[in-house]
Amino acid sequence: MSKRFTSLALTAHPPAAARRGRGRSHRVVAPFTAVSVLVAGAALAGCGQQRDADTYTVMNSSTDESYHRWDAEAMARCGKELGVTIEQQSVPAAQVMTKALRMASSKSLPDIVQFDASEMPTFADAGGLVDLRTLGLSTDDIPDGIVDFGSYKGTYYGAARSVNTLALFYNKDVLDKAGVKVPTTWAELRQTAKKLTRGKQYGLALSAGGAEDGVFQFTPFMWSNGGDETDLDNPKVVEALDYWKSLLKDRSLSKSTVNWTQADVNDQFMAGNAAMMINGPWQVETLNSDKSLHWGIAPIPVPEAGEDSVGPLGGAVLTVPNTGDEAREKTAGKIVACLASEKEQLTYALNSWMVPANANAAAVWRERVPELDSLADQVAVARSRTAKLGAGWSSVSLALQSAFQSALTGQSSETALKRAQQRATSGN
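Residues numbered from 1 in each chain as written. Predicted model: local features only at pLDDT ≥ 70, side-chain atom pairs only at ≥ 80, totals over all residues. Heavy atoms only, no water.

You'll find the chain entered in an unreviewed UniProt entry as Sugar ABC transporter substrate-binding protein, with Streptomyces violaceorubidus given as the organism.

Considerations on the sheet that holds strand S2 (residues 85-90)
With respect to topology, five strands assemble into an open sheet ordered S2-S1-S3-S12-S6, the strand pairing being mixed. The two strands at the open ends of the sheet, each matched to only one other strand, are S2 and strand S6 (159-160). Sheet topology places S6 next to strand S12 (residues 316-319); two bridges connect them, and they run antiparallel. Looking across to S12, one finds that Ala159 is bridged to Leu318. With respect to the sheet, helix H13 (residues 326-339) is in contact with strand S1 (55-60), S2, strand S3 (112-116), S6 and S12, its orientation differing from that of S1 by roughly 55°. (Pairing = 2+ DSSP bridges. Helix = DSSP H or I, 4+ residues; strand = E, 2+ residues; numbered from the N terminus. Contact = heavy atoms within 4.5 Å. Axes fitted to C-alpha atoms, helices over the stretch in contact; angles between N-to-C directions.)

With respect to a negative patch on the surface
Judged by side-chain charge, Asp231, Asp233, Glu239, Asp242, Glu304, Glu307, Asp308 and Glu414 come together as a negatively charged surface patch. Looking at where Glu414 falls in the secondary structure, it is placed in helix H18 (residues 413-426). (Patch = residues over 30% accessible without salt bridge, like charges linked within 9 Å, V, L, I, M, F, W, Y side chains within 5 Å. Areas by Shrake-Rupley, 256 points an atom, 1.4 Å probe, with all protein chains shown as cover. Salt bridge = Lys/Arg side-chain N within 4 Å of Asp/Glu carboxyl O. Lys, Arg positive; Asp, Glu negative; His and termini not counted. Charge placed at Lys NZ, Arg CZ, Asp CG, Glu CD.)

Topic: the state of the cysteines
For the structure on display, the rule yields one disulfide. Paired through a disulfide, Cys78 and Cys338 show a sulfur-sulfur distance of 2.1 Å. Residues Cys78 and Cys338 share a disulfide whose torsion about the S-S bond is about -90°; that sign makes it left-handed. With Cys78 in helix H3 (residues 65-82) and Cys338 in helix H13, this residue pair connects regions lying 260 residues apart in the sequence. The exposure class of Cys78 is buried, given its relative accessible area of 0%. Note on Cys338: relative accessible area 9%, which makes it buried. (Disulfide = S-S within 2.5 Å. Buried < 20%, exposed > 50% of the residue type's maximum accessible area, 1.4 Å probe, protein only.)

Structural data, given as structure tokens:
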């Protein structure tokens, strides 16, 4: 087992995804100001509906059959342990926030909401969540970086069961046939992608769509190059977007990349339309369903050899909404503690290929899935999208989404990002 992972990977600061960073969804980020007003005005305190005393509801985005089943099995185990019935309500990831807002306004919030970690600060900022430590949850076995991942302004609101990040997936057969090595730097990635682009096959696939998927995928390029979300028109960020444009100019990327979600990228890779892709571990189950596909995984290439590949820490966190019913909130806290326990985390992570948030479970996971070492290494230096901006991340995300669409369809990166910075700071 790598000591680097147990001592560094899970103490790295901070950071989704979301599962998208979730990552697995086409998530639309709601503007912070709008959500804050709605949540603050929703009279979250006070439970407006009569509830079954022994039935608790968890709202999540586990609409995929496998994830829904895994969650249902975990909830059944925890329900049996705690002597309650736990019902799962799954909605598309892009609808979790809006659904929660509607339920807040009608005082019918579920007992537990699983938010994408990038969305949690928005709800917490408006007073919509309960501090999990006051409900008895301990963070003793959770590395500081992952505690930060589920915290807002120092308060622990969200318990992560697993975390994830992005990596470079590649088709081993295609690279071997072409006689090329897995790229480690931007120059190598550009050269390799260009060489592997032939016929209907592009060298690389990534998501640059106008939603959080595209922003999630841009962060490794921005951060590894020294760029920062607080200064979008900084030359380092411009350079990162120009690098994406160079891949498009080489025709190593499809023009459709501006419309692709991360799921679309995976489809292209599995169909043989891309030799490499930027994606996350939530795709592994699907990749393994094609026994003829021999894939490998590596860190996302960096600007210069020897530098850290800094990606986004993604995933979801379990939260307890502030309903004003302290007795139910306390039991909901026990449910969250069970679902996020070391045993349940390991079970969930081995099913989903995510990295457990609990340090002890993560060490076991590393031994069980050594083929994902590169993913674990990437987690080691991953960052949270909301670490610096908190609830203000949503404005930056929306601004970047617009910048991608403009820059990758003709506008200069400098102009597009200058406008993005203006939008991010003004909210327009």
